[in-house]
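The residues making up each chain are set out below.
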Amino acid sequence: MEDLSLLSIGLLALALLATGVVAGIIAGLLGVGGGIVIVPVLYYMFTALNIDQNVLMHVAVGTSLATILATGSSSTLAHYKRGSVDMDLLKRWWWAIALGVVVGATLAGNISGGALTLVFGIVALAVSANMMFRKDGSHLADKLPGSPIKELLGFLIGGISVMMGIGGGTLGVPTLTLFNYPIRKAVGTAAAIGLIIAVPGTLLSLYFGLDVDGRPPFSLGYVNLIGFILIIPASTYSAPLGAKIAHSIDPSKLKLIFALFLGFTGLRMIYDVAGLYF
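Residues numbered from 1 in each chain as written. Predicted model: local features only at pLDDT ≥ 70, side-chain atom pairs only at ≥ 80, totals over all residues. Heavy atoms only, no water.

The next point concerns the overall build of the protein chain. Of regular secondary structure, the protein chain possesses ten helices and two strands. What you see in the protein chain, going N to C, is helices and strands ordered as α-α-α-α-α-α-α-α-β-β-α-α. Taking 278 residues into account, the globule formula puts the C-alpha radius of gyration at 19 Å, and the protein chain, at 18 Å, falls close to it. Across the 278 residues of the protein chain, 47% fall into the buried class. Of the contacts made within the protein chain by residues no fewer than 6 positions apart, 81% connect residues no fewer than 24 positions apart. Once the 15 positive and 12 negative side-chain charges of the protein chain are each reduced to a mean point, those two points are 16 Å apart. (Helix = DSSP H or I, 4+ residues; strand = E, 2+ residues; numbered from the N terminus. Rg over C-alpha atoms; globule rule 2.2 N^0.38 Å. Buried < 20%, exposed > 50% of the residue type's maximum accessible area, 1.4 Å probe, protein only. Contact = heavy atoms within 4.5 Å. Lys, Arg positive; Asp, Glu negative; His and termini not counted. Charge placed at Lys NZ, Arg CZ, Asp CG, Glu CD.)

Laid out in structure tokens, this is it:
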């Protein structure tokens, strides 16, 4: 989509607005972070709009990270006021997460779109399997491991999350609860981790995407400004609808549906990448 015709811009705007609505409803339904929804929906939207495959995933990831700057700030503040953010852990963990973000974002900015799509696909499958097969309340140990394993976990959460364009919830919550962390404190702390991921992640997405050909109209680096402007209000206003629907549906069925969605998305992305090379 190299031309800036009114039709192409209009289609892009409608697609991004729809992305925000879908992301908000699913996030409200399941209480998951927007990034794990926004990235695959953007992937499908950009594919339908014939955005260059070489930059498609980079823009999906960068735009998602930018939206987390806004949504993550309000979420972190809300959790902090309720005392569910473990500040002591963040003080010891933030640098390892941030280092992982810098390494992951640098790697993402220098690999092909196919490789970045493959990363998302593989991790999405792993998250899907965790949601489907891990029993509620099960954990690996009674507390987080000591150094350097704890720092390595933070590094991996930061690095993998920024390459996927997601906040701290998707990987942070399962990791913390694996070590017997109370779920509410895990969710609140993961929201703060999302900001640690999103701030440098967005800046590096802006930098690595400068002057790259094939990006959608009105993109600054790998961040699509139309998407940034439309997704945030659309997801914010549609999330309560998802939450309302959630009260009338069995939560376990919702969790299974989303796990299947993630599993299908992961397999589809891997299949798409395989099709590019075979």
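If charged atoms from side chains of opposite charge come close, those side chains can pair. In total, this model carries one salt bridge according to the counting rule given. Taking the shortest distance from any N to any O, the salt bridge between Arg268 and Asp272 comes out at 2.9 Å. Taken together, the residues span about one helical turn, with Arg268 and Asp272 both in helix H10 (residues 251–277) at a distance of four residues. Classification of Arg268 as partly exposed rests on a relative accessible area of 36%. (Salt bridge = Lys/Arg side-chain N within 4 Å of Asp/Glu carboxyl O.)

Counting 63 residues, the largest nonpolar core has Ile36, Phe46, Met57 and Phe120 as its most contacted members. When near neighbours in sequence (up to four residues on either side) are disregarded, Met57 contacts Val39, Tyr43, Gly113, Leu116, Thr117, Phe120 and Met269. (Core = buried A, V, L, I, M, F, W, Y, C linked by side-chain atoms within 4.5 Å.)

Helix H7 (residues 169–178) sits mainly inside the fold: seven of its ten residues count as buried. Along H7, the residues classified as buried are Thr170, Leu171, Gly172, Val173, Thr175, Leu176 and Thr177. The inward-facing, buried residues of H7 contact helix H2 (35–48), helix H4 (87–109), helix H5 (113–133), helix H6 (149–164) and helix H8 (183–208). Just beyond H7, the residue with positive phi is Asn180, at close to 65°.

With that out of the way, let us pick up a nonpolar patch on the surface. A grouping of Tyr207, Leu210, Phe218, Leu220, Leu225 and Ile229 is seen on the molecular surface, where their side chains present a nonpolar patch of about 620 Å² in accessible area. Positionally, Phe218 belongs in the loop between H8 and strand E1 (219–220). The class for Phe218 is partly exposed, based on a relative accessible area of 47%. (Patch = residues over 30% accessible without salt bridge, like charges linked within 9 Å, V, L, I, M, F, W, Y side chains within 5 Å. Areas by Shrake-Rupley, 256 points an atom, 1.4 Å probe, with all protein chains shown as cover.)

Right, let's get into the packing of H7 against H8. Running from N to C, H7 and H8 point in directions that differ by 145°, and their axes come no closer than 9 Å. With respect to the hand of their crossing, H7 and H8 are arranged in right-handed fashion. Here H7 contributes Gly169, Val173, Leu176 and Thr177 to the contact with H8, which in turn contributes Ile183, Ala186, Val187, Thr189 and Ala190. (Axes fitted to C-alpha atoms, helices over the stretch in contact; angles between N-to-C directions. Left-handed = near helix turned anticlockwise from the far one by under 90°.)

With that out of the way, let us pick up the packing of H4 against H8. Think of two packed helices as two axes; the pair is described by the angle between the axes and how far apart they sit. For the pair H4 and H8, interaxial distance at closest approach is 9 Å and the crossing angle is 30°. When the axis of H4 is compared with that of H8, the two are roughly parallel. In terms of crossing hand, the pair formed by H4 and H8 is right-handed. Two secondary-structure elements touch here, H4 through Leu89, Leu90, Trp93, Trp94, Ile97, Ala98, Val101, Val102, Ala105, Thr106 and Gly109 and H8 through Thr189, Ala192, Ile193, Ile196, Ile197, Pro200, Gly201, Leu204 and Phe208. Per-class residue counts for the contact of H4 with H8 are 16 nonpolar, four polar and no charged. (Parallel < 35°, antiparallel > 145°, perpendicular 65-115°, else oblique. Nonpolar A, V, L, I, M, F, W, Y, C, P; charged D, E, K, R; others polar.)

This brings us to unusual backbone geometry. That bond from Ser147 to Pro148 is cis: its omega, 0°, falls within 30 degrees of zero. Here Pro148 lies in the loop between H5 and H6. Of note, the phi angle at Phe218 is positive, near 60°, even though the residue is not glycine.

Considering all chains together, one arrives at two aromatic pairs under this definition. For the pair Tyr43 and Tyr44, a centre-to-centre distance of 5.6 Å together with 75° between the ring planes defines the contact as edge-to-face. Residue classification places Tyr43 among the buried residues on the basis of a relative accessible area of 2%. Take Tyr44: its relative accessible area is 27%, and that puts it in the partly exposed class. For the ring pair Tyr207 and Phe208, a centre distance of 5.2 Å and an interplane angle of 70° mean the geometry is edge-to-face. The class of Phe208 is buried, set by a relative accessible area of 19%. (Phe/Tyr/Trp six-rings, centres within 6.5 Å; stacked < 30°, edge-to-face > 60°.)

Once that is clear, we can look at H4. When the terminal C-alpha atoms of H4 are compared, their 31 Å separation across 23 residues agrees well with the 33 Å that a helix rising 1.5 Å per residue should span. Considering bend angle alone, the principal kink of H4 is centred on Trp93 and spans about 50°. Within H4, the full set of buried residues consists of Leu89, Leu90, Trp93, Ala96, Ile97, Ala98, Gly100, Val101, Gly104, Ala105, Ala108 and Gly109. Packing partners of the buried residues in H4 comprise helix H3 (53–81), H5, H6, H7 and H8. Two to three positions downstream of the cap, the backbone nitrogen of Asp88 sits 3.3 Å from a side-chain oxygen, assigning the N-cap of H4 to Asp86. (Expected span 1.5 Å × (residues − 1). Bend = angle between axes of the 7 residues up to and from the residue. Polar contact = N/O pair within 3.5 Å; in protein donor to acceptor, adjacent residues only side chain to side chain.)

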